[in-house]
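# Commentary on secondary and tertiary structure
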Amino acid sequence: MLCRFKKTKCHFQPFCAKKSAIFVNQFLFFVNVEKKGAVLLLFTGGTISMSEDPATGALRPIDFNRLQEYMPELKQTGVHVKSIPFLPLIDSSDVQPDTWEKLALIIEENYDDFDGFVVLHGTDTMAHSASALSFMLENLSKPVIFTGAQLPIGMMRSDAKENLLTAIEIASAQENGMAIVPEVCIFFEDTLFRGNRTTKKNAEHFNAFNSYNYPALAKAGVHIKYFRSYIHYSEPGTKLRVRTKVDRNVAILKLFPGITQFTVHAILNIPGLKAVVLESFGAGNAPRRSWFFDELKAANEKGILIVNKSQCSTGTVEMGRYETSLNLLSAGVISGYDCTTEALVAKLMCLLGEYDSLHEVRHKLSISICGEMTIG
Ligand code: ASP
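Presented here is a report on the structure given in the accompanying data block. The shown structure was predicted, so the numbers you read here are calculated from the model rather than taken from an experiment. (Residues numbered from 1 in each chain as written. Predicted model: local features only at pLDDT ≥ 70, side-chain atom pairs only at ≥ 80, totals over all residues. Heavy atoms only, no water.)

## Notes on the pattern of salt bridges
- Tallied over the entire structure, the rule returns 16 salt bridges.
- In this structure, K161 and E73 form a salt bridge, with 3.2 Å as the shortest nitrogen-oxygen distance. Linking K161 in helix α6 (residues 160-172) with E73 in the loop between α3 (64-69) and β5 (80-90), this pair joins segments that are 88 residues apart in sequence.
- Using a relative accessible area of 30% as the deciding quantity, one classes K161 as partly exposed.
- When the shortest N-O distance is used, the salt bridge between K219 and D190 registers 3.6 Å. Taken as a pair, K219 in strand β15 (residues 218-220) and D190 in the loop between β11 (184-188) and β12 (191-194) lie far apart in primary sequence, 29 residues in all.
- Assessed through its relative accessible area of 37%, K219 is described here as partly exposed.
- On the basis of relative accessible area, D190 is assigned to the partly exposed category, the value being 25%.
- Residues participating in the shared-partner salt-bridge network are E138, R241, R243 and E354. (Salt bridge = Lys/Arg side-chain N within 4 Å of Asp/Glu carboxyl O. Helix = DSSP H or I, 4+ residues; strand = E, 2+ residues; numbered from the N terminus. Buried < 20%, exposed > 50% of the residue type's maximum accessible area, 1.4 Å probe, protein only.)

In structure tokens:
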């Protein structure tokens, strides 16, 4: 079957086009008598869907249908859950912008039929994908909740069930017919974060994510407590607008004492490069070497955007606070304020995909588009 978006063979088309009720129904978990809402589950892969390969002992994605065996509790949520597996399921280290595009297009196609969306995704690049989707889905009025697990669903102590069941509850939560959290979020362990503020912080414990520069949107205990003053609501009456064009000509330049001109020059002169996230020290500081300034200035003059992001998780870039960042200002470097690297990379890719005008991209970089940074 050819996909109308990609013009290639596509596993999503029956769902996107909403033509094949029979095929869709193969993945319908159930329809509960007490209908509390409808949630579309987009299943991309990750540890949540993995098992051990008996030969190598390495974790690899299992067959999607096996997941349903482990989730009888879904029936108790009272939520009508339909799911779409991405075939094949992938480890999130293999996620590419085309995965974001597929997610965005499926959400667009199914937007009117569901109260919310849950994306099951590996944790490794979940913050990147949630950030990208937050820029791709403008005027969102329904929840898009990313979640996953640190232990595969079939394991005794897996965190998969709690994460998935709570994510479904949040995705379907409404008040007066309106979604309580109409944002792209990550739910993990017991906390709901704005997706584009989140970073994976832990490869071992169940609290895998944190949002260092923005408060949690909800906390799940006996009850789910929503912190409404931190939740972003789109202008009433605005319609969802989906942007899927991305430009991948973006790089990250991480500073360290001893970095050579050769390294800096090589990165800033990558053919086709359009933007760089400069990971600087502390409040946005960098070496005062003249060669460093010259390299940045030359790149800026060639039209390469350089955005300053602190290597610290908490706090913001304040160029001009120290002498070591004055040079950056005069080289044309733009402040990334308190944005995460994940959000900056995604924002740059989406803006460069959307706009031809460098002036427009520069302007959009200086404002918060969907709550990704605090200015000032
Ligand atoms: N490697 C896995 C992934 O990101 C890790 C996880 O899901 O927790 O797909």
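## What about the site of the ligand?
- Neighbouring the ligand are the residues G46, T47, D91, S92, G122, T123, D124, A149 and Q150.
- One nitrogen or oxygen atom from the side chain of D91 is found 2.9 Å from a nitrogen atom belonging to the ligand.
- Between the ligand and T123 there is a distance of 2.4 Å, counted from an oxygen atom to a side-chain nitrogen or oxygen.
- With the chains in place, 90% of the 270 Å² that the ligand exposes on its own is no longer accessible.
- Residue classes in the shell around the ligand are distributed as one nonpolar, six polar and two charged. (Near = heavy atom within 4 Å. Polar contact = N/O pair within 3.5 Å; in protein donor to acceptor, adjacent residues only side chain to side chain. Areas by Shrake-Rupley, 256 points an atom, 1.4 Å probe, with all protein chains shown as cover. Nonpolar A, V, L, I, M, F, W, Y, C, P; charged D, E, K, R; others polar.)

## A few points about the packing of helix α8 (residues 290-301) against helix α9 (residues 323-330)
- Viewed as axis vectors pointing N to C, α8 and α9 meet at an angle of 30 degrees, and their least axial separation amounts to 9 Å. When the axes of α8 and α9 are compared, the pair comes out roughly parallel. Viewed along their axes, α8 and α9 form a crossing whose handedness is right-handed. Counted together, F292, F293, L296 and K297 of α8 and N327, L328 and S330 of α9 form the full contact between these two elements.
- Of the residues belonging to the contact of α8 with α9, the class tally is four nonpolar, two polar and one charged. (Axes fitted to C-alpha atoms, helices over the stretch in contact; angles between N-to-C directions. Parallel < 35°, antiparallel > 145°, perpendicular 65-115°, else oblique. Left-handed = near helix turned anticlockwise from the far one by under 90°. Contact = heavy atoms within 4.5 Å.)

## Quick look at the packing of aromatic side chains
- Applying the stated rule across the entire model yields five aromatic pairs.
- Here the aromatic rings of Y111 and F117 are separated by 6.3 Å at their centres, their planes lie at 5 degrees, and the arrangement is stacked. By the burial criterion, Y111 is buried, and F117 matches it.
- Arranged with centres 5.9 Å apart and planes meeting at 90 degrees, the rings of W291 and F292 form a pair that is edge-to-face. For the residue pair W291 and F292, the accessibility class agrees, reading buried in each case. (Phe/Tyr/Trp six-rings, centres within 6.5 Å; stacked < 30°, edge-to-face > 60°.)

## Let's talk about the sheet that holds strand β18 (residues 250-254)
- Ordered by their spatial adjacency, four strands build an open sheet running β18-β19-β20-β21, and the pairing between neighbours is parallel. Two strands bound the open sheet, and with one partner strand each, they are β18 and β21 (334-335).
- Strand direction decides the pairing type here: strand β20 (residues 305-310) and β21, joined by two bridges, are parallel. Of the residues in β21, the one forming a bridge with V307 is I334.
- Those strands touched by helix α11 (residues 358-365) are β20 and β21, and its axis lies near 15 degrees from that of β20. (Pairing = 2+ DSSP bridges.)

## A few points about the nonpolar core
- Membership of the largest hydrophobic core comes to 56 residues, with the highest contact counts inside it found for L42, L133, L137, V144 and F146.
- A total of nine residues in this core trace back to one element, the largest contributor, which is helix α10 (residues 341-354).
- With sequence-adjacent residues up to four places away left out, V144 is seen in contact with I107, F117, V119, L137, E183, V184 and C185. (Core = buried A, V, L, I, M, F, W, Y, C linked by side-chain atoms within 4.5 Å.)

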